[in-house]
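Summary of the model geometry
The primary structure of each chain is shown beneath.
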Amino acid sequence: MKKTVSLVLGSGAARGHAHIGVIQAIEERGYKIVSVSGCSIGAIVGGVFAAGKLAEYREWAESLDRMSVLRLLDMSLLNGGYIKGERFFEKIHSMIGEPDIESLPIAYTSVAVDLLNQKEFWFQRGDLINAMRASSAIPSLISPVNLNGRLYVDGGVLNPLPIIPSVPAGADYIVAVDLNGPAHTVHEDVKKEEEHESSAWWQSAKEFFSKDDKQELEEEVAYSPVSWGRLQTINMMFETMQESLTQYKLAGYPPDLLISIPKNVSGFYEFWRAKELIDFGYDVAKKALDELESPSSIYYSFPKGY
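Quick notes on the rules
Residues numbered from 1 in each chain as written. Predicted model: local features only at pLDDT ≥ 70, side-chain atom pairs only at ≥ 80, totals over all residues. Heavy atoms only, no water. Pairing = 2+ DSSP bridges. Helix = DSSP H or I, 4+ residues; strand = E, 2+ residues; numbered from the N terminus. UniProt positions renumbered as here; feature names shortened; annotations may be inferred. Buried < 20%, exposed > 50% of the residue type's maximum accessible area, 1.4 Å probe, protein only. Contact = heavy atoms within 4.5 Å. Axes fitted to C-alpha atoms, helices over the stretch in contact; angles between N-to-C directions. Parallel < 35°, antiparallel > 145°, perpendicular 65-115°, else oblique. Left-handed = near helix turned anticlockwise from the far one by under 90°. Nonpolar A, V, L, I, M, F, W, Y, C, P; charged D, E, K, R; others polar. Core = buried A, V, L, I, M, F, W, Y, C linked by side-chain atoms within 4.5 Å. Arc of directions from axis to C-beta.

Named according to an unreviewed UniProt entry, the protein chain is Patatin-like phospholipase family protein originating from Marinomonas vulgaris.

Encoded structure:
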């Protein structure tokens, strides 16, 4: 009989594609995933997996290039959030349809934050896509989601690694995937090249949106190249907060196995690196599962660095 896993998928934007590789490694090793709880990109990948459409999502994600990512960013500089997310979720809708969470073959929890009531909220029933959207509305980057009179933002504001919702499934193992793990060493030449590509992409984004809506950009003159840097700074602040919260949650509710993805393995917007990140997650998960299956090892918190 297969051993069972309750899977916890953390937040981390583009790094979340590593979740796909982790799921592949777990299933190849013969474990049965019986529940998934996720936050932000973890709620999205986990929801697509629970709906049985992860292969289709993976194929699409691996097809993205830089220009495809730009086209997905329906920027609205006059809106409360910078990105509406409509185009991305239209694509998700075309893959999975409109399932309710209750109809999924495995238990699913999406964690968001009820902003007006200032508390964590678990989506465990109702429309799956709404649950994904609510959990992934990154403050200052993506518009908050208004559902039934409540305003939701990214669950990472309070709980970037939602372990507690995985407990009731009673699985043999709780496996958590942290996307804000310790940074690994990057060669200086590689680092400079990545920084150059990052700067070039943000400039391309600015030019792309100025072509689409020149008047709107002219009205919002504050959104200069300096402002693109401000968005990156906001995200770094958010990720720093998430890293601290994750350590707090792990101390209180340690999983059986923690798979750690280095926080500097990719930028938060580098969704065009899906294949590389999926492969990375797969390789790290295989090593972690070796530790899990070793009778003499202490497998909690693998790896401590990469």
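1. Focus: the pairing of strand 6 (residues 150–154)
Examined bridge by bridge, strand 3 (residues 107–114) and strand 6 share 3 bridges and lie antiparallel to one another. Bridge pairing links Ala112 to Asp154 in strand 6. Across 3 bridges, the pairing between strand 5 (residues 145–147) and strand 6 is antiparallel. When the bridges of strand 6 are listed, Leu147 appears paired with Arg150. Between the antiparallel neighbours strand 5 and strand 6 lie 2 residues, among them Asn148 with a positive phi of about 50°.

2. Some points on the UniProt feature "active site" (unreviewed entry) in the protein chain
Here, the residues flagged by UniProt with the feature "active site" (unreviewed entry) are Ser40 and Asp154. A maximum C-alpha distance of 5.8 Å places the annotated residues, which cover 115 residues in sequence, within one compact spot. As for its position among the elements, Ser40 is in the loop between strand 2 (32–39) and helix 2 (41–50). Residue classification places Ser40 among the buried positions, given a relative accessible area of 5%. If we skip the residues at most four places from it in the chain, Ser40 touches Ser11, Ser135, Ser136, Ile138 and Asp154. With respect to the helices and strands, the residue Asp154 is situated in strand 6. Those residues in contact with Asp154, other than ones at most four positions away along the chain, are Cys39, Ser40, Val113, Ala134, Ser135, Ser136, Ala137, Ile138, Pro139, Phe238 and Gln242.

3. Focus on the packing of helix 5 (residues 86–96) against helix 6 (residues 128–135)
Direction vectors running N to C along helix 5 and helix 6 enclose 150°, while the axes themselves pass 11 Å from each other. Classified by the interaxial angle, the pair formed by helix 5 and helix 6 is roughly antiparallel. With respect to the hand of their crossing, helix 5 and helix 6 are arranged in right-handed fashion. Here Glu86, Phe89, Ile92, His93 and Ile96 of helix 5 lie close against helix 6, whose contacting residues are Leu128, Ile129, Met132 and Arg133. Its residues assigned to classes, the contact of helix 5 with helix 6 comprises 6 nonpolar, 1 polar and 2 charged.

4. Things to note about helix 1 (residues 18–28)
Within helix 1, 8 of the 11 residues are buried, which leaves the element mostly enclosed by the surrounding structure. Looking at helix 1, one finds that the buried residues are Ala18, His19, Ile20, Gly21, Val22, Ile23, Ala25 and Ile26. Phi turns positive, to about 100°, at Gly30, one or two residues after helix 1.

5. Points about the nonpolar core
Formed by 71 residues in total, the largest nonpolar core has its most connected members in Leu7, Ile26, Tyr57, Tyr108, Met132, Ile259 and Ile261. Of the residues forming this core, the biggest block, 10 residues, is contributed by helix 10 (residues 274–292). If we ignore the near neighbours within four places in the chain, the residues touching Tyr108 are Val36, Ala43, Gly46, Gly47, Ala50, Ile101, Phe123, Gln124, Leu128, Ala131 and Met132.

6. Some remarks on the packing of helix 3 (residues 54–63) against helix 5
Between helix 3 and helix 5, whose axes approach to 10 Å, the crossing angle comes to 140°. Regarding the angle of helix 3 to helix 5, the classification is oblique. Our pair here, helix 3 against helix 5, has a crossing hand that is right-handed. Residue-level inspection shows Glu56, Tyr57 and Trp60 of helix 3 in contact with helix 5, the latter providing Phe88, Lys91, Ile92 and Met95. Here the residues of the contact of helix 3 with helix 5 sort into 5 nonpolar, no polar and 2 charged.

7. Points about helix 5
Taken together, the buried positions of helix 5 are occupied by Phe88, Phe89, Ile92, Met95 and Ile96. For helix 5, the buried positions fall inside an angular range of 110° around the axis, keeping them on one side. Turned more than 90 degrees away from the buried face of helix 5 sit Glu90 and Ser94, all of them exposed. For helix 5, the secondary structure elements touched by its buried residues are helix 2, helix 3, helix 4 (66–72) and helix 6.

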